[in-house]
Amino acid sequence: MIKIEGIAASAGVAIAPAFKLEHPDLTVQQRSVSDVAAEVAKLNAALDKSKAELEAIKERTLQELGAKKAEIFEAHLLILNDPELISPVEDMIRNEMVNAEYALNETANQFIAMFENMKSAYLQERAADMKDVTKRVLIHLLGLNYVNPAEISEEVVVIAEDLTPSDTAQLNRKYVKGFTTNIGGRTSHSAIMARSLEIPAVVGTKEVLAKVNNGDLVIVDGLDGKVIINPTEELVADYRNKQEKYQLQIEEWRKLRDQATVSSDGVHVELAANIGTPNDVPGVIDNGGEAVGLYRTEFLYMGRDKLPTEEIQFNAYKTVLEKMEGKPVVVRTLDIGGDKELPYLDLPKEMNPFLGFRAVRLCLDRTDIFRTQLRALLRASVYGNLRIMFPMIATLDEFRQAKALLLEEKDKLAAEGIEVSDEIQLGIMVEIPSTAIIADQFAKEVDFFSIGTNDLIQYTMAADRMNERVSYLYQPYNPAILRLVKMVIDAAHKEGKWAGMCGEMAGDPTAIPLLLGLGLDEFSMSATSILPARSQISKLSKADMAELAAKALTMQTAAQVVELVKSIDA
Amino acid sequence: MEKTFRIIDEDGIHARPATALVNTANKFKDSEAFAEAKGKKVTLKSILGVLSLGLEKGDSITLTATGGSEAEVIQALSDVMINEGLGEVE
């Protein structure tokens, strides 16, 4: 039995035999052949096998994922039937008397190079399709014993170095009970896919692929981030229990979908979701989100070669507001610069990106960019319940400047006869200690605070959580952090304002009792954490948690705080 | 027979409409169909040929056909261009 620790990327427990997904060695050698007809026959046999596979995958994709997802395989089939590809391969075998795999590889590479050199990014990506198709045929030509993930037809746990988008798109939920990878984090592509497919997953195990053999029984514990290879019978029984319990728990959580979040002593708090694009909104609704607590607008600016126009932004904001049907939506203005680059802005490299020219600092300098975003937001405001939040505010002055720009744009729109909502709340993200310390002064001017714990913790502890040597200092439960959080919440309440939190801490089951006790009004987290959090809060008394939090503030270490919280259950 | 279109789809001629065009051309065994753009002519029975034109929004493409059912071929291909929201007649 081997136990491996990893990152819990998608909740649930899977128990099934291992299926190692290792990409085969497709190195092709050039060989001379004497029997040309036999070589062409070999090519045709490989093509026929590949087509049969694709037909089957296409059919299944059509049944399970719909026509749109099946289209890609339809295109792959057409490529294998394409005279422009197949004739040159046959000609090359005949004229140069070379082996089929070499002829195929050479011809396919010309098409791949052609796509890669195209101007359009979309067509450049078609090179990937060409590679996929070529690989499929080469596997047959080389006589490799390779099972494509799409052809898995028994219950398995997939084990891989990492999973590419094309791998994950082909995984059949019916048979793939879970997966685990050597690399990746909670936000890597494969982790996000696992959550949307609702397959338990553990990523970032570093060593799982080397430690497992095909067919070994494997437990993937996506709840606690553990992988167990060849477990004892006793352990399997334990995990079957855990699996059943989790299933029952999910059913319980589903019942809370349309309910408000109320503590056992009757206090209501708001559970909101963090989103990145309008496409994330259905997930918020489906998981019972009461609001969007953080809409990161960076994605609108990334992955393109120039700034998004006012119209593009307006449409995105309008879509989110409309889809939320009047529920509050907190939009964070552009939070970019420093480490998050936008190539087309041509910003200079910095020694300390985290302490550098980013977020609202950049926006107050590049007011052209900022004003466009503010106009788009203001125009969209009439379509729902908009709240605007400025990131990385360090001084009162910055907030006043940002607010002044917003009011100027509002006046301009009014002069143009364009309607703007009068109900827009204006808040700031609290992620710099200076802002937390004078939160009492900010509270007189803002409508709300949202505490961004990811950065607040890094700045308070002066430690980069991505730096393995100091990441131990990233301590959400450190009393210093809790005291800062309390300062912010108390300052808001004194002025009759509300305080929320949009960092990872807000969805953390260990932090939730403390945050409830400290009086946090809004918790914004990933959508899938909402129902578990609602269930947890419904069982906690806010009055009791206030006592617990008061005690936590007097503790000396983060470990003591964790111990204190764990004692509630005991 | 020929007909010229201007590409209006944001992604140009991408895989889905290219698939539809090639499948349509393949239905007519007695006729050949071609696409001409940017001084290059390719058979419409090849998806790689169609994609190799690298057509983007705003480009022109001329569809031509020869053989027994050339009028029908052009009609069927035009329907694809229009129904897929790919292009409009120039």
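Conventions and cut-offs
- Residues numbered from 1 in each chain as written.
- Chains lettered and ligands numbered in written order.
- Predicted model: local features only at pLDDT ≥ 70, side-chain atom pairs only at ≥ 80, totals over all residues.
- Heavy atoms only, no water.
- UniProt positions renumbered as here; feature names shortened; annotations may be inferred.
- Helix = DSSP H or I, 4+ residues; strand = E, 2+ residues; numbered from the N terminus.
- Expected span 1.5 Å × (residues − 1).
- Buried < 20%, exposed > 50% of the residue type's maximum accessible area, 1.4 Å probe, protein only.
- Arc of directions from axis to C-beta.
- Pairing = 2+ DSSP bridges.
- Phe/Tyr/Trp six-rings, centres within 6.5 Å; stacked < 30°, edge-to-face > 60°.
- Lys NZ or Arg CZ within 6 Å of the ring centre and 35° of its normal.
- Core = buried A, V, L, I, M, F, W, Y, C linked by side-chain atoms within 4.5 Å.
- Contact = heavy atoms within 4.5 Å.
- Salt bridge = Lys/Arg side-chain N within 4 Å of Asp/Glu carboxyl O.
- Axes fitted to C-alpha atoms, helices over the stretch in contact; angles between N-to-C directions.
- pLDDT = per-residue confidence, 0-100.

Per an unreviewed UniProt entry, chain B goes by Phosphocarrier protein HPr and derives from Paenibacillus physcomitrellae. For the record of chain B, the UniProt heading Subcellular location (unreviewed entry) holds the text "Cytoplasm".

Labelled according to an unreviewed UniProt entry, chain A appears under the name Phosphoenolpyruvate-protein phosphotransferase, originating from Paenibacillus physcomitrellae. The record in UniProt for chain A states the following under Catalytic activity (unreviewed entry): "L-histidyl-[protein] + phosphoenolpyruvate = N(pros)-phospho-L-histidyl-[protein] + pyruvate". As its UniProt record puts it under Sequence similarities (unreviewed entry), chain A is described as follows: "Belongs to the PEP-utilizing enzyme family."

Moving on: helix α9 (residues 233-254) of chain A. Residue and element names in this part refer to chain A. The first and last C-alpha atoms of α9 sit 32 Å apart over 22 residues, in line with the 32 Å expected at 1.5 Å per residue. Among the residues making up α9, those that are buried are L235, V236, Y239, Y246 and W253. Projected onto a plane normal to the axis of α9, the buried residues spread over an arc of 105° and lie on a single side. Facing away from the buried side of α9 by more than 90 degrees, the exposed set consists of E233, E234, E244, K245 and L248.

Residues and elements named next belong to chain A. The pairing of strand β1 (residues 2-5) with strand β8 (residues 226-229) spans four bridges and is classified as antiparallel. In the sheet register, I4 faces β8, and the bridge partner there is V227. Summarising the sheet, strand β7 (residues 217-221) and β8 pair through four bridges and their orientation is antiparallel. Looking at β8, one finds that I219 is bridged to I228. Between β7 and the antiparallel strand that follows it, β8, lie four residues; G225 among them carries a positive phi value of about 70°.

Here A:A462, not a glycine, exhibits a phi torsion of approximately 55°, which is positive. Looking at the secondary structure, you find A:A462 in the loop between α18 (453-461) and α19 (479-494). Residue classification places A:A462 among the exposed residues on the basis of a relative accessible area of 68%. Despite not being glycine, B:K38 has its phi angle at roughly 45°, a positive value. Here B:K38 lies in the loop between β2 (31-37) and β3 (40-43).

All names here are of chain A. Taken as a whole and assessed by the stated rule, the structure comprises six aromatic pairs over all chains. Ring geometry for Y246 and W253: centres 6.1 Å apart, planes at 80°, overall edge-to-face. For the pair shown, Y246 and W253 are each scored as buried. By way of ring pairs, the aromatic residues F370, F390 and F399 are connected into one cluster. The ring of Y383 is capped by K318, whose NZ or CZ atom sits 4.9 Å from the centre of that ring.

This part takes up the nonpolar core. A:Y295, A:F390, A:F449 and A:F523 are the most contacted members of the largest nonpolar core, which totals 96 residues. When residues of this core are assigned to their parent elements, the largest contribution, eight residues, is made by α19(A). Setting aside residues no more than four positions away along its own chain, A:Y295 makes contact with A:I275, A:G276, A:T277, A:P278, A:L300, A:A316, A:Y317, A:V320, A:V330, A:V331 and A:R332. Core analysis: the second largest hydrophobic core is formed by 69 residues, A:V98, A:A127, A:V137 and B:A65 among them.

Attention now moves to the pattern of salt bridges. Residues and elements named next belong to chain A. Applying the stated criterion across every chain yields a total of 36 salt bridges over all chains. For E39, the salt bridge goes to K42, with nearest N and O atoms at 3.3 Å. Linking E39 with K42, this pair stays in helix α1 (residues 36-65), spanning three residues, or about one helical turn. A relative accessible area of 28% means that K42 is categorised as partly exposed. Residue D368 pairs with R366 through a salt bridge whose shortest N-O separation is 3.1 Å. The class of D368 is partly exposed, set by a relative accessible area of 42%. Each of the salt bridges in this network shares a partner with another, and the network as a whole consists of E298, R332, D335, R358 and D455.

This paragraph deals with the sheet that holds β3(B). All names here are of chain B. On the basis of which strands lie adjacent, the open sheet formed by five strands has the order β3-β2-β4-β1-β5 and antiparallel pairing. What marks the edges here is a single partner per strand, and that holds for β3 and β5 (87-89). Here the strands of the sheet are splayed against their neighbours by 30° on average, with no regard to which way each runs. Bridge count for strand β1 (residues 2-7) against strand β4 (residues 60-67) is five bridges, and the pairing is antiparallel. Paired with E2 across the two strands is T64, which belongs to β4.

This next bit is on the confidence of the model for chain B. Per-residue pLDDT for chain B has a mean of 88; in total, 100% of the residues score no lower than 70. Of the two predicted TM-score estimates for the complex, the pTM is 0.66 and the ipTM is 0.88.

Residue and element names in this part refer to chain A. Counting buried positions over the five residues of strand β4 (residues 156-160) gives five, a clear majority of the element. Across five bridges, β4 lies against strand β5 (residues 176-181) in parallel orientation. What sits directly across from I159, in β5, is T180.

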